Amino acid sequence: MAGKRAQRTTGTQGPDGAAKVTISEIAREAGVSVPTVSRVVNGRSDVSPDTRARVEDLLHRHGYRRRPGAQGTRAALLDLVFNDLDSPWAVEIIRGVEEVAHEQGVGTVVSAIHDRAGAARQWMTNLRARASDGVILVTSVLESGLHDELRRLGVPLVVIDPAGSPATEVSTVGATNWAGGMAATEHLLGLGHRRIGFVEGPPRLLCSRARLDGYRAALDVAGVPVDDELIVPGDFYHESGFTGANRLLDLDEPPTAIFAASDQMALGAIEALRQRGLRVPEDMSIVGFDDLPEVRWSSPPLTTVRQPLSDMGKLAARMVLDLARSVQPASPRVELSTELVVRASTARRRGA
């Protein structure tokens, strides 16, 4: 974490103390972000030579005077914002962001807004106070006014696993969730399963909808009708996997396999089966999604779709730091590949 930082320089001071020009005006004229101008003002090295020369020329032409002691005192800082932090996958994303931040001498502030009224606005107030260089938002939604405020401040934003459709100018990082959902379902179909339950994630998240669409597509390609009673709600957490599995087991014709849209829900489903005296995979095959470190040690080890969470964090950190240096990403929408990892929680359907 970064230590205490100097305030962002806001303008040159005349003899009467009035500001003659602001770094926002310099940034607009130079065609760069406010953080980029601030880096030049504070003598930071992470600005391209051409950009530095253009900004320095404008600073000189406008008679901008740096505050005494400002040069070299401003530390770089990223804000990493989650809706909640009570999930192992959040730790994996943090690990990836921290690795890149450490390599580039950048501090990280991790926040959770919890969908509480006013929490996002309080976070924005704190962000303004610490003059952050960039924001990485994870599966959360900011009000449009807060997005506008980030733009006004010149603070770049990258979203991991966006909730809903982000603005066209916002860069995003995700995974091939549709392909992962299809691969998991095809694996179960290949083992002879035809009644495959699905515990879905929060429908507001694009990644959840893509995993469900992949499940539906695999059934359609195999000529297996989609049975809506086999699709039950979930929220990515253990308890909803437990509840969803029980709901599926209570059907007149239960499934012979369950695909849960997260590893945590898959572990909850396994516990529901254990409490009913059912065995995995002998009585029910289970597939998860994420490949969290813990699932290779579950009993049995979990078949799952590996989502490169740490790599997603690394890429998002590199993208937002590039944007802060006025370097546009090669592609504003990036999806990293998922991969099916077969372990001991799946087996051929009895009689197949």
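Small disclaimer: the values here were computed from a predicted structure and weren't measured.

Asks: Describe in detail the sheet that holds strand β13 (residues 333-336), supporting the description with residues and values.
Replies: On the basis of which strands lie adjacent, the open sheet formed by six strands has the order β4-β3-β5-β6-β7-β13 and parallel pairing. Here the strands that pair on one side only, and so sit at the sheet edges, are β4 (107-112) and β13. Taken pair by pair, the neighbouring strands of this sheet meet at an average axis angle of 20°, ignoring direction. In the packing of helix α5 (residues 119-130) onto the sheet, the strands contacted are β3 (77-82), β4 and β5 (134-138), and the crossing angle to β3 comes to about 170°.

Asks: Go over the pattern of salt bridges, please, and point to the residues and values.
Replies: Pairing is possible between side chains that carry opposite charge, provided their charged atoms lie close to one another. This structure, assessed with the given rule, holds 20 salt bridges. In this structure, Arg 130 and Asp 79 form a salt bridge, with 2.5 Å as the shortest nitrogen-oxygen distance. Pair noted here: Arg 130 is in helix α5 and Asp 79 is in strand β3, with a separation of 51 residues, a long-range link. For the pair Arg 130 and Asp 79, one class covers both residues: buried. Of the charged contacts in the structure, one is a salt bridge between Arg 151 and Glu 169, with a shortest N-O distance of 2.7 Å. Of the two residues, Arg 151 is situated in helix α6 (residues 144-153) and Glu 169 in the loop between β6 (157-160) and β7 (171-175); the sequence distance between them amounts to 18 residues.

Asks: Outline the packing of aromatic side chains, supporting the account with residue identities and numerical values.
Replies: The tally for this structure, following the rule as stated, stands at three aromatic pairs. A centroid spacing of 6.3 Å and a plane angle of 55° characterise the contact between Phe 82 and Trp 89, whose relative ring orientation is tilted. Trp 89 shares its class with Phe 82; the two are buried. Ring centres 4.9 Å apart and planes at 25° place the aromatic pair Phe 198 and Tyr 215 in the stacked group.

Asks: Provide a residue-level description of the pairing of β3, including the pertinent values.
Replies: Most of β3 is tucked away, with six of its six residues classed as buried. Burial along β3 is two-sided: Leu 77, Asp 79 and Val 81 facing one way and Leu 78, Leu 80 and Phe 82 facing the other are all buried. The sheet contact formed by β3 and β4 spans six bridges and is parallel. Its bridge partner lying in β4, Phe 82 is registered against Ala 112.

Asks: A description of unusual backbone geometry should follow, citing residues and the corresponding values.
Replies: Here the amide bond leading from Val 280 into Pro 281 is cis, since omega sits at 5°, within 30 degrees of zero. Its place among the elements puts Pro 281 in the loop between α10 (263-275) and β11 (285-290). That bond from Ser 299 to Pro 300 is cis: its omega, 0°, falls within 30 degrees of zero. Within the element layout of this structure, Pro 300 appears in the loop between β11 and β12 (303-306). The backbone of Phe 236 sits at a positive phi, close to 85°, despite the residue not being glycine. Residue Phe 236 is classed as buried on the basis of its relative accessible area, which comes to 10%. Positive phi values are uncommon outside glycine, yet Asp 290 reaches one of about 140°.

Asks: Let's hear about helix α1 (residues 23-30): which residues, and what values?
Replies: Every buried residue of α1 is accounted for by Ile 23, Ile 26, Ala 27 and Ala 30. Buried residues in α1, looked at end-on, bunch into an arc of 100°, giving them a common side. Where α1 ends, the next residue or the one after it, Gly 31, has phi of about 75°, a positive value.

Asks: I'd like a description of the packing of helix α4 (residues 88-103) against helix α11 (residues 309-324), backed by residues and values.
Replies: One can describe the packing of α4 onto α11 by two numbers: an axis separation of 7 Å at closest approach and a directional angle of 40°. By the angle class used here, α4 and α11 are oblique. For the crossing formed where α4 meets α11, the hand is right-handed. For the pair α4 and α11, the contacting residues are Trp 89, Glu 92, Ile 93, Arg 95, Gly 96, Val 97, Glu 99, Val 100 and Glu 103 in the first and Leu 309, Ser 310, Gly 313, Lys 314, Ala 317, Arg 318 and Leu 321 in the second. Taken together, the residues of the contact of α4 with α11 break down into seven nonpolar, three polar and six charged.

What counts and how
- Going along each chain's sequence as written, the residues are numbered from 1 onward.
- The model is predicted, so local features are restricted to residues of pLDDT at least 70 and side-chain atom pairs to those at 80 or more, both for listing and for counting; the totals for chains, interfaces and linings are taken over all residues.
- Hydrogens and waters are ignored; side-chain quantities use all the structure's heavy atoms.
- Two strands pair under a simple rule: DSSP has to find at least two bridges between them.
- Strands here mean DSSP runs of E at least two residues long; helices mean DSSP runs of H or I at least four residues long; both are numbered from the N terminus.
- For every element, the axis is a line fit to its C-alpha atoms; helices are fit only across the contacting stretch, and the angle between N-to-C directions ranges from 0 to 180 degrees.
- Only heavy atoms enter the contact rule, under which two residues are in contact if any of them lie within 4.5 Å.
- We define a salt bridge as a side-chain nitrogen of Lys or Arg found within 4 Å of a carboxyl oxygen belonging to Asp or Glu.
- Accessibility here uses a 1.4 Å probe with only protein chains present; expressed as a share of the type maximum, an area under 20% marks a residue as buried, one over 50% as exposed, and anything in between as partly exposed.
- Centres within 6.5 Å are what make two rings of Phe, Tyr or Trp a pair, Trp counting through its six-membered ring; a difference in plane orientation under 30 degrees is then read as stacked, over 60 as edge-to-face, and the rest as tilted.
- Note that the arc is defined by the directions from the helix axis to the C-beta atoms.
- Under this scheme an angle from 65 to 115 degrees is roughly perpendicular, one under 35 degrees roughly parallel, and one over 145 degrees roughly antiparallel; angles in between are oblique.
- In this scheme the handedness of a crossing depends on how the near helix is turned from the far one: anticlockwise by less than a right angle means left-handed, clockwise means right-handed.
- Under the scheme applied here, ten amino acids are nonpolar (Ala, Val, Leu, Ile, Met, Phe, Trp, Tyr, Cys and Pro), four are charged (Asp, Glu, Lys and Arg), and all others, including Gly, are polar.

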